[in-house]
Amino acid sequence: MSTSPAISAAPLSRRALLQGAAGAGLSLALRPAVAADPPSEGWIDAHSHVWTSDVARYPLADGQSPEVLQPRDFTPQQLIELGRPWGVTRFVLIQHKPHHGLDNSYLLDAIAQFPGVFSGVACVAAEGPRPEEDMRRLRRGGMRGFRIRPGEGGADRWRDSAGQRSMWACAAETGLAICPLINPEYLDQVDEMCQQFPDTSVVIDHFARIGMDGPIREADVATLAGLARHRHVHVKVSAFYALGRKQPPHEELIPVIRRLYETYGPQRLMWATDCPYQLTPPNSYESSFRLVHDRLEFLSAEDREWLLRKTAERVFFGPVQV
């Protein structure tokens, strides 16, 4: 999960985590992968990042050198290969703004290269004159959501930003999703915008990062659960490596998931890994998958279908209004 000046940083940076993973022997030198046929029969990982050290073709933002990439490459092919042993055949790719800024071309090319395998969440300039036009253009390339952070749009609060308001209105008109990357203290801004734009689909990343500093506070869980009163709000059950104890088996997160299950229902929850960050030892793709697939005993088989496929399929892979 990336941070911004408006959001407090995690106790340990993602670069430090990944450098530790490299030292522990994490290997991403995988053979070229071919997606399962058909991909619609497998599970969906609703949140992962990809990038490449081919900076000649895909330049890094602000003139950064390839040394900032940790790992140096994490490609769509490698992601496909990681998901295959666990029956994961589709993925939602999230634009990695610290690496590529507002240039979404690497994700767009991945979506085009692997039809039906990838959907995308893009970044646009909310402070620009017409961000809704960028949203409509990117939608044609397979983007189905748009990531936002506090402070984007030229105002402290989204409600005071003309650009943010136009994005939320466009998302409602086109069936696209607004995807806030926030800490718990910004959940009230989601509430404000949902009241103003009740038909906009919203997907909150990573439990709103509850427990990123260690403690899982009941007040934060209650606030996130309270947003379930807005019928188009969804939550990603994801990024276990960064929350609570930050290591498998992640069982301290089960009460949070159960609370969200009881308030949102399985139809508005979706599982995701946040790869490659979930790959930092002792965390792994397997540990993320097994928490939802094996350890949530309160889920029925149909509930698991929603968390592992159906919710993300409806939000990110369904038809989009013209």
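Before reading on, note that the structure itself is shown above.
Cut-offs applied
Per-chain numbering applies: the sequence of each chain, read as written, is numbered from 1 onward. Whole-chain, interface and lining totals are the exception, using all residues; otherwise, since this is a predicted model, local features are given only for residues with pLDDT of at least 70 and side-chain atom pairs are given and counted only at 80 or more. To get the side-chain values, all heavy atoms of the structure are used, and hydrogens and water are removed first. Helix numbering and strand numbering both begin at the N terminus, where a helix is a DSSP run of H or I of at least 4 residues and a strand a DSSP run of E of at least 2. Note on exposure labels: buried denotes an accessible area under 20% of the residue type's maximum, exposed denotes more than 50%, and partly exposed covers the range between, all computed with a 1.4 Å probe on protein chains only. Residue contacts follow a heavy-atom distance rule, with two residues in contact if any of their heavy atoms lie within 4.5 Å. Per-residue and other accessible areas follow the Shrake-Rupley method at a 1.4 Å probe size, with only the shown protein chains counted as cover for residues. Working definition: rings of Phe, Tyr and Trp (its six-membered ring) pair if their centres are within 6.5 Å, and the pair is stacked with planes under 30 degrees apart, edge-to-face with planes over 60 apart, and tilted otherwise. By nonpolar core is meant a set of buried Ala, Val, Leu, Ile, Met, Phe, Trp, Tyr and Cys residues that side-chain atoms within 4.5 Å join together. Here, axes are lines fitted to C-alpha atoms. For helices the fit covers the stretch in contact, and angles between N-to-C directions go from 0 to 180 degrees. For this classification, under 35 degrees means roughly parallel, over 145 means roughly antiparallel, 65 to 115 means roughly perpendicular, and everything else is oblique. Residue polarity follows a fixed list, in which Ala, Val, Leu, Ile, Met, Phe, Trp, Tyr, Cys and Pro are nonpolar, Asp, Glu, Lys and Arg are charged, and the others, Gly among them, are polar. By the convention used here, strands pair only if DSSP detects at least 2 bridges between them.

Visitor: Sorry, what's going on with the overall build of the protein here?
Guide: Looking only at helices and strands, one finds eleven helices and eight strands in the protein. Across the 322 residues in the protein, those meeting the buried criterion constitute 57%. Contacts spanning at least 24 positions in sequence make up 78% of the contacts within the protein whose residues lie at least 6 apart. If you sum the accessible surface of the protein, you get close to 12700 Å²; carbon and sulfur atoms cover 50% of it.

Visitor: Honestly, the environment of serine 300 in this entry has me stumped. Any pointers?
Guide: As for its position among the elements, serine 300 is in the loop between helix 10 (285–294) and helix 11 (301–317). For the pair serine 300 and proline 266, spaced 34 residues apart in sequence, the C-alpha to C-alpha distance is 9.8 Å.

Visitor: Would you take a moment to explain unusual backbone geometry for this structure?
Guide: Cis peptide bonds are those with omega within 30 degrees of zero, and the linkage from proline 248 to proline 249 qualifies with 5 degrees. Note on placement: proline 249 falls in the loop between strand 7 (233–237) and helix 9 (254–264). Cis peptide bonds are those with omega within 30 degrees of zero, and the linkage from cysteine 275 to proline 276 qualifies with 5 degrees. As for its position among the elements, proline 276 is in the loop between strand 8 (269–271) and helix 10. The phi dihedral of alanine 239 is positive, around 60 degrees, even though this residue is not glycine. Tracing the chain through its elements places alanine 239 in the loop between strand 7 and helix 9. When its relative accessible area of 1% is taken as the criterion, alanine 239 is described as buried.

Visitor: Looking at this model, I keep getting lost on the packing of aromatic side chains. Mind explaining?
Guide: To describe a pair of aromatic rings, you give the distance between the ring centres and the angle between the ring planes. In the structure shown here, the tally under the stated rule is twelve aromatic pairs. The interplanar angle of 35 degrees and the centroid separation of 6.1 Å between the aromatic rings of tryptophan 86 and phenylalanine 289 together place this pair among those described as tilted. With tryptophan 86 in the loop between helix 2 (76–83) and strand 2 (88–94) and phenylalanine 289 in helix 10, this residue pair connects regions lying 203 residues apart in the sequence. Assessed through its relative accessible area of 23%, tryptophan 86 is described here as partly exposed. For phenylalanine 289, a relative accessible area of 5% corresponds to the buried category. Between the aromatic rings of tryptophan 271 and phenylalanine 289, the centroid separation amounts to 5.7 Å while the plane-to-plane angle is 80 degrees, which identifies the pairing as edge-to-face.

Visitor: Would you take a moment to explain the nonpolar core for this structure?
Guide: As a rule of thumb, soluble globular proteins bury nonpolar side chains together. Among the nonpolar cores identified, the biggest contains 82 residues, and Phe118 and Ile204 are the most heavily contacted of them. The biggest single contributor to this core is helix 9, with five residues. Those residues in contact with isoleucine 204, other than ones at most four positions away along the chain, are Pro180, Ile182, Leu187, Val190, Leu224, Leu227, Val233, His234, Val235 and Lys236. In terms of nonpolar packing, the next biggest core, distinct from the first, is built from 13 residues, Ile44, Ala46, Met270 and Val315 among them.

Visitor: Would you mind showing me how to read the packing of helix 10 against helix 11 here?
Guide: Packed helix pairs are specified by the crossing angle of their axes together with the interaxial distance, meaning the distance between the axes. Viewed as axis vectors pointing N to C, helix 10 and helix 11 meet at an angle of 150 degrees, and their least axial separation amounts to 9 Å. Between helix 10 and helix 11, the crossing angle belongs to the class labelled roughly antiparallel. Residue-level inspection shows Phe289, Val292 and His293 of helix 10 in contact with helix 11, the latter providing Arg304, Leu307 and Leu308. For the contact of helix 10 with helix 11, the class distribution of residues is four nonpolar, one polar and one charged.

Visitor: Help me understand the sheet that holds strand 6 (residues 201–204) in this model?
Guide: Two modes of strand pairing occur in sheets, parallel and antiparallel, and in both the strands are linked by backbone hydrogen bonds. Read from one edge of the open sheet, eight strands run 1-2-3-4-5-6-7-8, paired in parallel fashion. Pairing within the sheet leaves two strands with one partner each, and these edge strands are strand 1 (43–48) and strand 8. The average angle at which neighbouring strand axes cross in this sheet is 25 degrees, direction not considered. Bridge count for strand 1 against strand 2 is four bridges, and the pairing is parallel. If you follow serine 48 over to strand 2, its bridge partner there is leucine 93.

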